[in-house]
Amino acid sequence: MRAPGPGVPVTPSPRETSGYVPRSGSYSVPLGLGIIHPDVTPLQNFLKSLSPDIYPEGLVTGYFGPLTERAVGRFQIKHGLAKPGDPAFGYVGPKTRAKINQILGL
């Protein structure tokens, strides 16, 4: 990495910062069980950065599997977005994406 000029803030790369949550863009596509998509990794990092009660396993694999689905469900319960038995439970649809984007300030 090249050193910036005087007065230019330095933003650490993801590899340089533990617990880094990518903020390169807002979540804009639905994400659910079985999906492999570029947004899954930042979603998992986001869930991992929250309370350990949300995503205790903290695995960042890029695959939206059952652990990620359960973590999304816990996030939805915490924020009143869905509850077990709802069709959207564990699925990153419009309401869940909007809440994640709001938390990330996007």
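Quick notes on the rules
Residues numbered from 1 in each chain as written. Predicted model: local features only at pLDDT ≥ 70, side-chain atom pairs only at ≥ 80, totals over all residues. Heavy atoms only, no water. Helix = DSSP H or I, 4+ residues; strand = E, 2+ residues; numbered from the N terminus. Buried < 20%, exposed > 50% of the residue type's maximum accessible area, 1.4 Å probe, protein only. Contact = heavy atoms within 4.5 Å. Areas by Shrake-Rupley, 256 points an atom, 1.4 Å probe, with all protein chains shown as cover. pLDDT = per-residue confidence, 0-100. Core = buried A, V, L, I, M, F, W, Y, C linked by side-chain atoms within 4.5 Å. Phe/Tyr/Trp six-rings, centres within 6.5 Å; stacked < 30°, edge-to-face > 60°.

Moving on: the overall build of the chain. Helix and strand counts for the chain come out as 3 helices and 0 strands. For the chain, the sequential pattern of α-helices and β-strands runs α-α-α. Residues counted as buried form 31% of the 106 residues belonging to the chain. For the chain, contacts bridging at least 24 residues in sequence account for 44% of all contacts bridging at least 6. Entry remark: accessible area of the chain is about 6600 Å², with carbon and sulfur atoms responsible for 57%.

Below, the discussion takes up the confidence of the model for the chain. Across the chain, pLDDT averages 82, with 75% of residues at or above 70. Predicted confidence is poor over residues 1-5, with pLDDT under 50, and the contacts of this stretch with residues over four places away or in other chains come to 3 contacts. Below pLDDT 50 for its whole length, residues 8-24 participates in 15 contacts with residues either more than four positions away or in separate chains.

Within soluble globular proteins, side chains that are nonpolar generally end up buried alongside one another. Formed by 15 residues in total, the largest nonpolar core has its most connected members in Leu43, Phe46, Leu47, Phe64, Val92 and Ile100. When contributions to this core are tallied by element, the ones reaching two or more residues are α1 (40-49), α2 (66-78) and α3 (94-104). Broken down by element, the residue count for this core peaks at 4 residues, all from α1. Among all residues touching isoleucine 100, those that are not within four sequence positions of it are Tyr27, Leu43, Phe46, Phe75 and Val92.

Per the counting criterion, the structure on display carries 1 aromatic pair. Considering the side-chain rings of phenylalanine 46 and phenylalanine 75, the 5.7 Å spacing of their centres and the 75° angle between planes classify their relative orientation as edge-to-face. On the criterion of sequence distance, the pair formed by phenylalanine 46 in helix α1 and phenylalanine 75 in helix α2 is long-range, its members being 29 residues apart. Look at phenylalanine 46 and you get buried, because its relative accessible area is 1%.

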